[in-house]
Amino acid sequence: MKQFDFFSKKKFLVLFTLCLLVLGSVFCWSVIAEDDPGTGGLPFTPKQMEILLQVKRTLGAYQVDANKKETFDDEKLYYGAMKGLVSSLKDPYTRFVEPKDLEEENMEMQGEYGGLGIYIGQRDEKILVIAPMEGTPAERAGLKPLDEIVKVGKKSTHGMKLDQVVKLLRGKAGEAVDITIRRLNKKTSQLIDVHLVREMIKIKTVRFEMIGKLGYIKINQFNQKTNEDVEAAVKQLMTKKAQGFIVDLRNNPGGLLDACVRITSQFVDTGLVVSMKGRFPGANEELYAIPGKANNLPLVVLINEGSASASEIFSGAIKDHKRGVIIGKKSFGKGSVQTLFNLPDKSGIYITIARYFTPSGYMMDKKGLKPDIVVEGEINRDKKKDKQLQKAIAVLTQKIGGKAPVQKTTKQTNKKTIIKKKK
């Protein structure tokens, strides 16, 4: 996730006229970059701004509760107008965030937070579960990728924006919340009520173990410490004579791009990892593997419908460079880049500035990444009942020319944790 400060990156012209007319407030602003490829004029016509001012005045004069401060408040009207402006783009990941909410989000990125342990996204105006985090209330309650959240408490999510639903799901640790999900079962669907209790969420980014002669690495998220955690896991597994690796990215919603590139470099020695393409030069970028970091052991990567963003970038690079075999189910399809633009009043705008492309040029956004070998099934704590994992073991065992392991697994956990809101 990139961040920009409007006034540290470029020189801007402050236009009081727009704000004054739109909201009738003393402080509001519009900016026009000196190198703006557009017309260089106001974003609305004088007639449109006149109508906006007329709407505000009419609301103030005639709305039944407009005489109440908590109802007719200039700041609320201002932020409401900003949210309406941004939401008109119909991009669930481009959003305006008020100062208080942005501060809360930044706090979550720095450490522990109270919640359910669930990543959600929005597609076709539906609020969908991307993935439950391992070892959290959401996972223990049985939530699955692509479950649609239709109610939080007594409030329907119909017509809500993604950030509104996130607010409803947040809360203090120990507080309960009831949600209703719609789960598709082939040709039918069912509504399921789920009772959850919020907890302080701690994410274990990496855990690893030996499965016979194979090194198994589960990556739950791509964060600041994930690269060194994976590096440590690879070294320890190799000291235990691992002859191949299974990298499990199922239910991994993504994370930091630079962490993803560094981790990919542990398996791909050279070449393009991912490219980003947008409308302005700064959004177009190609990122390459860091030479000299990669091991050459046989590799299998597990993905499912809960694998998104950075997980899809990693898997796409492995697939296109023919470095390993991708097994599981088609990934979620979240292949866009969001940048946070900080505004003068400490609010901000997350804007989708580009989309990701794999080394072969495949754009996975809203489409997902197809595995080399499709295996239906779900994650199961009983490894023998985990069909996708068993297929990975069989394929990798065949590659190294051995027999599938039957002995008990030895398990290790990397205790380093990091919490940072994902992109």
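Residues numbered from 1 in each chain as written. Predicted model: local features only at pLDDT ≥ 70, side-chain atom pairs only at ≥ 80, totals over all residues. Heavy atoms only, no water.

Participant: Just give me the short version of the overall build of the protein chain, but keep the residues and values in it.
Facilitator: From N to C terminus, the protein chain includes 11 helices and 23 strands. The buried share among the 423 residues of the protein chain stands at 48%. Within the protein chain, counting contacts between residues at least 6 apart in sequence, those at least 24 apart form 68% of the total. Of the roughly 22000 Å² of accessible surface on the protein chain, 53% is carried by carbon and sulfur atoms. (Helix = DSSP H or I, 4+ residues; strand = E, 2+ residues; numbered from the N terminus. Buried < 20%, exposed > 50% of the residue type's maximum accessible area, 1.4 Å probe, protein only. Contact = heavy atoms within 4.5 Å. Areas by Shrake-Rupley, 256 points an atom, 1.4 Å probe, with all protein chains shown as cover.)

Participant: Pulling in residues and values, what's your account of the confidence of the model for the protein chain?
Facilitator: Across the protein chain, pLDDT averages 84, with 83% of residues at or above 70. The low-confidence segment residues 3-40, where pLDDT is below 50, has 68 contacts with residues more than four positions distant or belonging to other chains. Low pLDDT (under 50) marks residues 406-423, which in the prediction has 66 contacts with non-local residues, meaning those over four places away or in another chain. (pLDDT = per-residue confidence, 0-100.)

Participant: Can you lay out the packing of aromatic side chains for me, pointing to particular residues and giving the numbers?
Facilitator: According to the stated counting rule, one finds 4 aromatic pairs in the structure shown. Seen from their ring centres, Phe-245 and Phe-267 are 6.2 Å apart, and the 85° between their planes marks the pair as edge-to-face. Taken as a pair, Phe-245 in strand S15 (residues 244-248) and Phe-267 in the loop between helix H9 (257-264) and strand S16 (272-278) lie far apart in primary sequence, 22 residues in all. A relative accessible area of 0% places Phe-245 in the buried class. Judged by relative accessible area, Phe-267 falls into the buried class, the value being 1%. Through pairs of rings, three or more aromatic residues link up here, namely Tyr-78, Tyr-79 and Phe-96. (Phe/Tyr/Trp six-rings, centres within 6.5 Å; stacked < 30°, edge-to-face > 60°.)

Participant: Which residues make up the nonpolar core, and what are the values?
Facilitator: Of all hydrophobic cores here, the largest spans 44 residues; its most connected members are Ile-217, Phe-222, Phe-245, Phe-267, Val-301 and Phe-314. In this structure, Ile-217 is in contact with Val-206, Arg-207, Phe-208, Ala-233, Val-234, Leu-237, Phe-245, Ile-246, Val-247 and Asp-248, ignoring residues within four places of it in sequence. Of all hydrophobic cores here, the second largest spans 27 residues; its members include Leu-162, Leu-169, Ile-179 and Ile-181. (Core = buried A, V, L, I, M, F, W, Y, C linked by side-chain atoms within 4.5 Å.)

Participant: An account of the packing of H9 against helix H10 (residues 310-320) is needed here, citing residue identities and associated values.
Facilitator: Axis separation between H9 and H10 bottoms out at 9 Å; the angle between their running directions is 25°. What the angle tells us is that H9 and H10 run roughly parallel. The two elements H9 and H10 cross, and the hand of that crossing is right-handed. Between H9 and H10, the contacting residues are Leu-257, Cys-260, Ile-263 and Thr-264 on the first element and Ala-310, Ile-313, Phe-314 and Ala-317 on the second. The class makeup of the residues in the contact of H9 with H10 is 7 nonpolar, 1 polar and no charged. (Axes fitted to C-alpha atoms, helices over the stretch in contact; angles between N-to-C directions. Parallel < 35°, antiparallel > 145°, perpendicular 65-115°, else oblique. Left-handed = near helix turned anticlockwise from the far one by under 90°. Nonpolar A, V, L, I, M, F, W, Y, C, P; charged D, E, K, R; others polar.)

Participant: A description of empty space enclosed by the protein should follow, citing residues and the corresponding values.
Facilitator: Empty space among the atoms becomes apparent when a probe as large as a water molecule is rolled across them. Across all of its chains, the model carries 2 cavities of 30 Å³ or more by this definition. Considering only enclosed or pocket space, the second largest cavity measures out at about 110 Å³ in volume. Along the walls of the second largest cavity sit 13 residues, with Pro-132, Met-133, Glu-134, Asn-220 and Asn-251 positioned nearest its centre. Residues belonging to the lining of the second largest cavity are distributed by class as follows: 6 nonpolar, 3 polar and 4 charged. (1 Å grid on protein atoms, 1.4 Å probe; cavity = no way out; pocket = protein on both sides within 12 Å on 5 of 7 lines; lining within 4 Å. Points joined across faces, edges and corners; volume = space filled by probe spheres on them.)

Participant: Please give an account of a nonpolar patch on the surface that cites residues and values.
Facilitator: A cluster of nonpolar side chains, namely Ile-51, Val-55 and Leu-59, defines an oily patch on the protein surface of about 230 Å² accessible area. Its place among the elements puts Ile-51 in helix H3 (residues 46-62). Take Ile-51: its relative accessible area is 43%, and that puts it in the partly exposed class. (Patch = residues over 30% accessible without salt bridge, like charges linked within 9 Å, V, L, I, M, F, W, Y side chains within 5 Å. Salt bridge = Lys/Arg side-chain N within 4 Å of Asp/Glu carboxyl O.)

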